[in-house]
Amino acid sequence: MTNIKTTGSSLADRGRSFDMGDHPVPQGTEEIWRFTPVERMEDFFVEKTTGAGPEVTVTGEAQFETVPRSDDRLGQTVAPEDRVAALAWNSVEDAYVLTIPKEVELEREVTVNVTGDGSTDVASMHLVIKAELHSKATVVVNHTGSARLAQGIEVQVADGANLTVVSIQDWDEDAVHIASHRMRVGRDASLKHIVVSLGGDLVRVTSSSDFSGEGAELNMLGAYYVDEGQHIENRLLMEHNAPNCKSNSTYKGALQGDDAHAVWVGDVVIRKEAEGTETYEENRNLILTDGSRADSVPNLEIETGEIEGAGHASATAYFDENQLFYLRSRGIPEDQARRLVVRGFFAELINQIGVDTVQNKLMESIETELDIALELQNA
């Protein structure tokens, strides 16, 4: 467990630390908080005894344990990057550790169900997902119910392991979920990290990652559908600090209704020792109704010229009426045409997920949201 105070890069200069004193109370003007409605989560910044945590159950064949915070498997990835993440770390008394044993390949996904009980007190939770040497598995973390949850998830991928982690935020409409996903990928290992955010009043997922050996690969995918008054925020930091590693991030979101707000900030840092890096990040937003807003900020900082490639792309656009006209001119009714356009927008991303249950869940949710969108359109 090491505090990291980065000063060599403007993108990564976040004072990552386990110590609360290194994270002052946010005022909302700081770079890492400037898009977040901090007035809706002020109770997350206060040091106090948290409420009872959500119910956690697991299905699948992985080893699952409840451990004290002194367990040496905790705190082995990057340090917390903001005050809520540090508070969550320092508040928990017990944590959960899910382990995929070395050289074990699981045929079916493991599901961690996190169910809120409706409490209005802020609760903390810490989960470690550990894929040991040359293991292979898929882990789905499914969030439902209502809660105010400050959560830390550590993902540790050992050398040669292949891990897929999916985090689904399908909360009730009043939930507030502030999550810190902190990942480390080993030599010749592969991690696919997927974030699907659908429900909740305010959902903010910060995903920070680095590499502990050459030849590692990281693929980060995200999908979100934002409704009236909802705030969904994704912040990524991919720090290339080992040679010959690859990373890719693709996030797509649709927005509808007044004050629907999506935020995506993608930071990629390529350190001078990370020669041979190949990386690309992309964010696309589709605005379905007036009154919605998407902020999309890709950032790329390179400290060495010896790389294979690096780039980024970002686009936010309103629903394309030309596509709608084309489909209607072919005899397709307007409601069905609108569905086809939105499905097509998400289709490529959904096909990359590679987990049937998650893909089906996302498509079902998109269909439900499209029903709402058509009601708004016809109102």
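Residues numbered from 1 in each chain as written. Predicted model: local features only at pLDDT ≥ 70, side-chain atom pairs only at ≥ 80, totals over all residues. Heavy atoms only, no water.

Engineer: Is there a simple way to explain the overall build of the protein in this structure?
Structural biologist: Looking only at helices and strands, the protein features four helices and 18 strands. In the protein, buried positions account for 57% of the 379 residues. Across the protein, the fraction of contacts at a sequence separation of at least 24, relative to all contacts at a separation of at least 6, is 86%. (Helix = DSSP H or I, 4+ residues; strand = E, 2+ residues; numbered from the N terminus. Buried < 20%, exposed > 50% of the residue type's maximum accessible area, 1.4 Å probe, protein only. Contact = heavy atoms within 4.5 Å.)

Engineer: Whenever I open this one, the packing of aromatic side chains confuses me. Can you help?
Structural biologist: The relation between two aromatic rings is expressed through the spacing of the ring centres and the mutual angle of the planes. Tallied over the entire structure, the rule returns five aromatic pairs. Between W33 and F45, the aromatic rings sit 5.4 Å apart at their centres with planes inclined by 85 degrees, giving edge-to-face as the arrangement. Of this pair, W33 sits in the segment before β1 (55–59) while F45 sits in the segment before β1, placing them 12 residues apart in sequence. Using a relative accessible area of 3% as the deciding quantity, one classes W33 as buried. Geometrically, the ring pair formed by F345 and F346 is edge-to-face, given 5.1 Å between the ring centres and 80 degrees between the ring planes. Overall, F346 belongs to the buried group, its relative accessible area being 1%. Chaining the aromatic ring pairs together yields one cluster made of Y225, F345 and F346. Between R69 and the ring centre of W89, over which it is positioned, the NZ or CZ distance is 5.0 Å. Sitting over the face of the ring of F345, K252 holds its NZ or CZ atom 5.2 Å from the ring centroid. (Phe/Tyr/Trp six-rings, centres within 6.5 Å; stacked < 30°, edge-to-face > 60°. Lys NZ or Arg CZ within 6 Å of the ring centre and 35° of its normal.)

Engineer: Would you mind showing me how to read the confidence of the model for the protein here?
Structural biologist: Where the model shows low pLDDT, its predicted coordinates should not be examined in detail. Mean pLDDT over the protein works out to 90, with 93% of the residues at or above the 70 mark. Here helix α2 (residues 321–329) is the element of the protein with the lowest mean pLDDT, 71, and strand β9 (residues 176–185) is the one with the highest, 98. (pLDDT = per-residue confidence, 0-100.)

Engineer: What should I look at first to understand the nonpolar core in this one?
Structural biologist: Buried together is how nonpolar side chains tend to be arranged in soluble globular proteins. Within the largest apolar cluster, 56 residues are counted, with the highest numbers of intra-cluster contacts made by L98, I129, V139, V155, V157, L163 and L191. Ranked by the residues each element gives to this core, the list is headed by strand β5 (residues 122–131), at five residues. Other than its neighbours up to four places away in sequence, L98 contacts V58, A62, Q63, F64, V110, V112, V128, I129, K130 and V139. In this structure, V166, F319, F346 and L349 belong to the second largest nonpolar core, which totals 26 residues. (Core = buried A, V, L, I, M, F, W, Y, C linked by side-chain atoms within 4.5 Å.)

Engineer: Got a minute to help me understand the pairing of strand β16 (residues 278–287) in this structure?
Structural biologist: Looking along a regular strand, one sees the side chains alternate between the two faces of the sheet. Extensive coverage of β16 is indicated by the burial of seven of its 10 residues. In terms of strand pairing, β16 meets strand β18 (residues 309–318) through 10 bridges, oriented parallel. Bridged to R284 within β18 is A315. (Pairing = 2+ DSSP bridges.)

Engineer: Just checking my understanding: could you explain the sheet that holds strand β2 (residues 63–68) for this structure?
Structural biologist: Note on sheets: strands pair through backbone hydrogen bonds, and any given pair is parallel or antiparallel. Spatially, nine strands are ordered β2-β3-β5-β7-β9-β11-β13-β15-β17 in an open sheet, and the strand pairing comes out mixed. Two strands close off the open sheet at either side, each with one partner strand: β2 and β17 (293–302). Pairs of neighbouring strands in the sheet enclose a mean axial angle of 10 degrees, with direction left out of account. Bridge count between strand β15 (residues 261–270) and β17: 10 bridges; the pairing is parallel. Across the sheet, V268 pairs through a bridge with L300, a residue of β17. (Axes fitted to C-alpha atoms, helices over the stretch in contact; angles between N-to-C directions.)

Engineer: Help me understand the sheet that holds β18 in this model?
Structural biologist: Taken in spatial order, the nine strands of this open sheet run β1-β4-β6-β8-β10-β12-β14-β16-β18, and their pairing is mixed. In this open sheet, the two edge strands, each paired with only one partner strand, are β1 and β18. Taking the axes of each pair of neighbouring strands and ignoring which way they run, one obtains an average angle of 10 degrees across the sheet.

Engineer: Would you mind going over helix α3 (residues 334–353) with me for this structure?
Structural biologist: Because the α-helix completes a turn every 3.6 residues, residues three or four places apart line up on one side. For α3, built from 20 residues, the straight-helix expectation of 28 Å at 1.5 Å per residue is met to within 8% by its first-to-last C-alpha distance of 29 Å. Taken as a whole, α3 carries its principal kink of about 45 degrees at A347. Within α3, the full set of buried residues consists of A337, R338, R339, V341, V342, F345, F346, L349, I350 and I353. Within two residues after α3, G354 carries a phi angle of roughly 80 degrees, on the positive side. (Expected span 1.5 Å × (residues − 1). Bend = angle between axes of the 7 residues up to and from the residue.)

Engineer: How should helix α1 (residues 83–91) be read in this particular structure?
Structural biologist: Counting buried positions along α1 yields seven of nine residues, so the element is predominantly enclosed. Along α1, the positions that sit buried rather than exposed are R83, V84, A85, A86, L87, A88 and W89. At the N-terminal end of α1, a side-chain oxygen is found 3.1 Å from the backbone nitrogen of V84, two or three residues along, and the residue is D82. (Polar contact = N/O pair within 3.5 Å; in protein donor to acceptor, adjacent residues only side chain to side chain.)

Engineer: How do you make sense of the pairing of β5 when you look at a structure like this?
Structural biologist: With nine of 10 residues buried, β5 lies mostly within the body of the structure. Note that strand β3 (residues 94–100) and β5 share five bridges and pair parallel. What sits directly across from I100, in β5, is A131. Bridge analysis of β5 against strand β7 (residues 148–157) gives 10 bridges, and the strand direction is parallel. Among the inter-strand pairings, K130 is bridged to a residue of β7, identified as Q156.

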